[in-house]
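Now for the letters of each chain:
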Amino acid sequence: MPPLSWQGIRNSFDSRDAAIQDALYKQGSSSEFLDKILAAGTPSNANVATKHQTVRPPPPGYSEDCLYLNIWSPSTAKKNNAKLPIMMWIHGGAHQDGSIVHYDGSTLCQQGRQCVVVCVQYRLGVMGFFTHPELKQESSTGESCGNYGLMDHVRAMEWIKNNGSFFGGDPNNITIFGESAGGTSVNTMMVCPSAQGLFSRAISQSGSGVSVGHDLNERCNVGVDFQKHVNCTSLNDLRNLSAEQIQRGTMRNPNDTNLIIQPFRFNVVTDGIVIPKQGLEKVFQQGQHHNVPFIVGFNAEEGGSMWPLIKAPTIQVMSNMNVLQHWPIVGYKKLNIALKAMFGPEESSNYQKSVQLYLNSDFALKGTTKDERADKASIVMSGDNMFGAPSEILAAHAANSHETHGTAPCYMYLFTRTPSGRAGEQMGSYHGSEIDFVFGSGLGLAKMLPAPGDERLKEVMSTAWVDFAHDGKIDAIEWKKYSSSNKGTVMEFGQGGVTGMIRDVKMMERFELLDESDLSGRDKNVMLKRNGVKSKL
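Not measured: the values here are computed from a predicted model.

Examining the pattern of salt bridges
For the structure on display, the rule yields 13 salt bridges. When the shortest N-O distance is used, the salt bridge between Asp 467 and Arg 113 registers 3.4 Å. Remark: Arg 113 occurs in the loop between strand 2 (84–90) and strand 3 (116–120) and Asp 467 occurs in helix 19 (residues 454–471); sequence separation between them is 354 residues. The partly exposed category is assigned to Arg 113, whose relative accessible area is 40%. Salt-bridge contacts for Glu 346 lead to Lys 340; the nearest nitrogen and oxygen are separated by 3.7 Å. Exposure remark for Glu 346: the relative accessible area of 37% places this residue in the partly exposed category. Relative accessible area serves as the criterion here: at 35%, Lys 340 is assigned to the partly exposed category.

Overview of the packing of helix 11 (residues 303–310) against helix 15 (residues 370–405)
Axis separation between helix 11 and helix 15 bottoms out at 8 Å; the angle between their running directions is 105°. Looking at the two axes, helix 11 sits roughly perpendicular to helix 15. Counting all contacts with helix 11, which are made through Gly 303, Gly 304, Met 306, Trp 307 and Ile 310, the residues of helix 15 involved are Asp 375, Ser 378, Ile 379, Ser 382, Gly 383, Met 386 and Phe 387. For the contact of helix 11 with helix 15, the per-class residue count stands at six nonpolar, five polar and one charged.

Describing the sheet that holds strand 9 (residues 410–415)
Within the open sheet, the nine strands sit side by side as 1-3-2-4-5-8-9-10-11. Their pairing is mixed. Two strands lie at the open edges of the sheet, namely strand 1 (69–72) and strand 11 (499–503), each paired on one side alone. Neighbour-to-neighbour, the strand axes of the sheet open up by a mean angle of 25°, direction not taken into account. Sheet topology note: the strand 1/strand 3 ladder contains four bridges and is antiparallel. Opposite Trp 72, over in strand 3, you have Val 117 as the bridge partner. Of the strands in this sheet, strand 2, strand 4 (169–179), strand 5 (201–205), strand 8 (294–299), strand 9, strand 10 (489–493) and strand 11 touch helix 19, which is tilted by about 145° from strand 5.

A look at the environment of Ser 211
In this fold, Ser 211 is placed in the loop between strand 5 and strand 6 (214–215). When its relative accessible area of 16% is taken as the criterion, Ser 211 is described as buried. Taking the C-alpha atoms as reference points, Ser 211 and Met 386, 175 residues apart in sequence, are found 8.0 Å from one another.

Side note on the nonpolar core
If you look at the biggest cluster of nonpolar residues, it comprises 107 residues, and the most contacted ones within it are Ile 176, Met 189, Phe 199, Phe 226, Phe 294 and Phe 343. Not counting residues up to four positions away in its chain, the partners in contact with Phe 343 are Ser 348, Asn 350, Tyr 351, Ser 354, Met 381, Leu 513, Leu 514, Ser 517 and Leu 519. The next biggest cluster of nonpolar side chains, apart from the first, holds 34 residues, and it includes Ile 100, Val 117, Val 460 and Phe 493.

Focus: helix 11
Counting buried positions along helix 11 yields seven of eight residues, so the element is predominantly enclosed. Residues of helix 11 that are buried: Gly 303, Gly 304, Ser 305, Met 306, Trp 307, Leu 309 and Ile 310. At the C-terminal side of helix 11, Lys 311 shows a positive phi close to 50°.

Observations concerning the confidence of the model for the protein
A low pLDDT means the predicted coordinates there should not be read in detail. Averaged over all residues, the pLDDT of the protein is 89; the fraction at 70 or higher stands at 88%. Counted against residues more than four places away or in other chains, residues 524–537, with its pLDDT under 50, gives 34 contacts.

What to know about the side chain of Gln 247
Position of Gln 247 relative to the elements: it lies in helix 9 (residues 243–250). Residue classification places Gln 247 among the buried residues on the basis of a relative accessible area of 4%. Not counting chain neighbours up to four residues away, the residues in contact with Gln 247 comprise Ile 20, Gln 21, Asp 22, Tyr 25 and Val 126.

A short note on the side chain of Ser 200
Summarising the element assignment, Ser 200 is placed in the loop between helix 6 (181–189) and strand 5. One polar contact links the side chain of Ser 200 to the main-chain carbonyl oxygen of Asn 172, over a distance of 3.2 Å.

What to know about the pairing of strand 8
Most of strand 8 sits out of view: six of its six residues are buried. One ladder, built from four bridges, connects strand 5 with strand 8; its direction is parallel. For Ile 203, the partnering residue across the bridge sits in strand 8 and is Ile 295. When strand 8 meets strand 9, the two strands line up parallel, connected through six bridges. By the bridge assignment for strand 9, Phe 294 is matched with Cys 410.

Topic: the packing of aromatic side chains
For the structure on display, the rule yields 21 aromatic pairs. Here the aromatic cluster, defined as three or more aromatic residues joined through ring pairs, consists of Tyr 411, Tyr 413, Trp 465, Phe 468, Trp 479 and Phe 493. The lysine or arginine in question, Arg 10, covers the ring of Trp 6, its NZ or CZ lying 4.5 Å from the ring centre. For the cation-ring pair, Lys 376 lies above Phe 363, with the distance from its terminal atom to the ring centre recorded as 4.7 Å.

Thoughts on unusual backbone geometry
Excluding glycine, a negative phi dihedral is what most residues carry, and trans is how most peptide bonds are arranged. Here the residue pair Trp 327 and Pro 328 is connected by a cis peptide bond, since its omega of 0° sits within 30 degrees of zero. Counting through the fold element by element, Pro 328 comes out in the loop between helix 12 (321–324) and helix 13 (331–343). The phi torsion at Lys 311 lies on the positive side, around 50°, for a residue other than glycine. Mapped onto the secondary structure, Lys 311 falls in the loop between helix 11 and helix 12. At Glu 478, a residue that is not glycine, the phi angle is positive and equals roughly 55°.

Details of the packing of helix 15 against helix 20 (residues 505–516)
In the contact formed by helix 15 and helix 20, the axes pass within 10 Å of each other and the chain directions differ by 90°. By the angle between their axes, helix 15 is roughly perpendicular relative to helix 20. Between helix 15, through Val 380, Met 381, Asp 384, Asn 385, Gly 388, Ala 389, Glu 392 and Ile 393, and helix 20, the contact on the second element is made entirely by Met 508, Arg 510, Phe 511, Leu 514 and Asp 515. Classifying every residue of the contact of helix 15 with helix 20 by side-chain character gives seven nonpolar, two polar and four charged.

Cut-offs and rules
- Residues numbered from 1 in each chain as written.
- Predicted model: local features only at pLDDT ≥ 70, side-chain atom pairs only at ≥ 80, totals over all residues.
- Heavy atoms only, no water.
- Salt bridge = Lys/Arg side-chain N within 4 Å of Asp/Glu carboxyl O.
- Helix = DSSP H or I, 4+ residues; strand = E, 2+ residues; numbered from the N terminus.
- Buried < 20%, exposed > 50% of the residue type's maximum accessible area, 1.4 Å probe, protein only.
- Axes fitted to C-alpha atoms, helices over the stretch in contact; angles between N-to-C directions.
- Parallel < 35°, antiparallel > 145°, perpendicular 65-115°, else oblique.
- Contact = heavy atoms within 4.5 Å.
- Nonpolar A, V, L, I, M, F, W, Y, C, P; charged D, E, K, R; others polar.
- Pairing = 2+ DSSP bridges.
- Core = buried A, V, L, I, M, F, W, Y, C linked by side-chain atoms within 4.5 Å.
- pLDDT = per-residue confidence, 0-100.
- Polar contact = N/O pair within 3.5 Å; in protein donor to acceptor, adjacent residues only side chain to side chain.
- Phe/Tyr/Trp six-rings, centres within 6.5 Å; stacked < 30°, edge-to-face > 60°.
- Lys NZ or Arg CZ within 6 Å of the ring centre and 35° of its normal.

As structure tokens, this is what we get:
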């Protein structure tokens with residue numbers, strides 16, 4: 001349905017409501033994730049709430065009327081009839097929460113050769129990804145069942161195509177970029193048929209790589225379970241509920257601190273419409289993804305800000321009841337139970353590799369006790385499991401397609417900058433920490449958790465992103481294409497703005513171990529058979 005038109009000049013200086021999400025009905029902070037980051041850098045938790053408001057101010061409200069975008073353009077762009085590349089940002093939040101009010105494109109749009117920055121909102125959670133057998137039946141005409149939030153990305157690109165020139169942008173030169181769930185959304189747009197021709201380049205920051213796309217039939221069953229949970233008997237009954245009743249029905253029990261156990265967490269599905277029926281990984285393997293230059297990257301210790309909430313070394317291990325009874329997986333004894341469940345008995349080669357690669361990793365060895373080292377090993381493993389390994393697999397497929405089918409090149413980066421002091425010791429290069437350096441402002445976490453040389457790193461990263469948006473090249477820092485024959489050779493964005501191509505052999509050994517053990521998050525729609533064991537991820 002197209003938006004309603006209006007007459008005259010509309011006031012567009014103020015941000016609009018965010019999508020319906022749990023924050024609307026929560027007391028206090030809207031983000032447990034951000035609270036943990038700020039707490040790690042705060043000697044006393046007393047100031048966390050104040051810091052949260054400073055770093056991530058709340059949106060003016062939350063509403064089903066949420067499909068808005070914020071635009072930043074250099075002041076001279078319109079006057080000079082510029083045709084600047086347009087960079088469309090997709091925010092993160094596990095496809096469950098988030099808002100464009102948290103991002104400021106005023107610095108990025110003026111960086112280097114300049115660009116137009118557009119931050120877009122989309123439907124989230126149950127409103128954006130609900131699945132149900134009756135919806136599936138309705139979708140037989142070619143509409144998606146679920147993935148409505150992803151369809152919002154396509155609609156945003158179409159709007160930018162039609163209107164980007166009014167802001168000094170080139171509607172034929174759009175780069176999509178996003179972080180976490182936003183990075184995953186970028187990956188899905190790379191295979192989405194209706195996104196064909198709408199963008200020229202793509203950047204996936206800490207996305208879930210090939211680990212995307214739940215089985216549609218399975219998730220439709222979850223939709224039926226949800227229907228019963230809210231005391232409805234049909235899809236029509238659900239449609240008669242208010243947004244608040246529906247959203248509250250999905251919310252986790254506030255007394256349950258295990259973020260993995262969320263039975264009504266609706267997310268991306270392989271629907272055969274937005275994501276082709278063969279699944280995202282297979283599309284990349286076959287070289288059938290959109291033929292545009294692609295950047296894929298992640299942070300060295302993604303789990304630094306994720307593990308305190310999830311407290312498990314991998315998502316998959318929590319389906320093992322022998323391990324789940326020991327949750328949270330903290331300390332050496334419990335981690336060892338999890339390692340044996342994931343990699344085999346202590347005498348097995350994969351178990352021995354897991355000890356060597358994780359418990360004896362550089363970050364783990366920063367711990368002063370056996371239990372501290374175990375927790376730091378879990379931080380590294382959880383980051384590898386959720387972001388690093390599946391992203392590298394995706395990049396390798398794109399690189400192989402470039403080499404064998406002549407598709408556009410792929411570039412990969414590793415972000416290794418850590419904040420000074422207590423926060424850096426606890427979290428390392430945590431999930432989301434690169435955003436400030438891309439935007440030059442972003443969430444403001446770099447100001448709260450700084451390190452020497454941060455301004456230089458912001459300049460280097462934001463300029464590289466803008467250069468890529470112009471023509472798909474990043475010549476200033478000699479960023480080489482990712483190669484399937486030289487895996488693990490990536491561009492490092494490090495402390496103090498130091499950059500350069502490195503080959504991280506240990507990282508690749510960790511990723512290969514996870515892949516051998518069905519822990520790399522490969523396509524959720526594909527049954528894998530490795531080492532004689534079948535598992536559906």
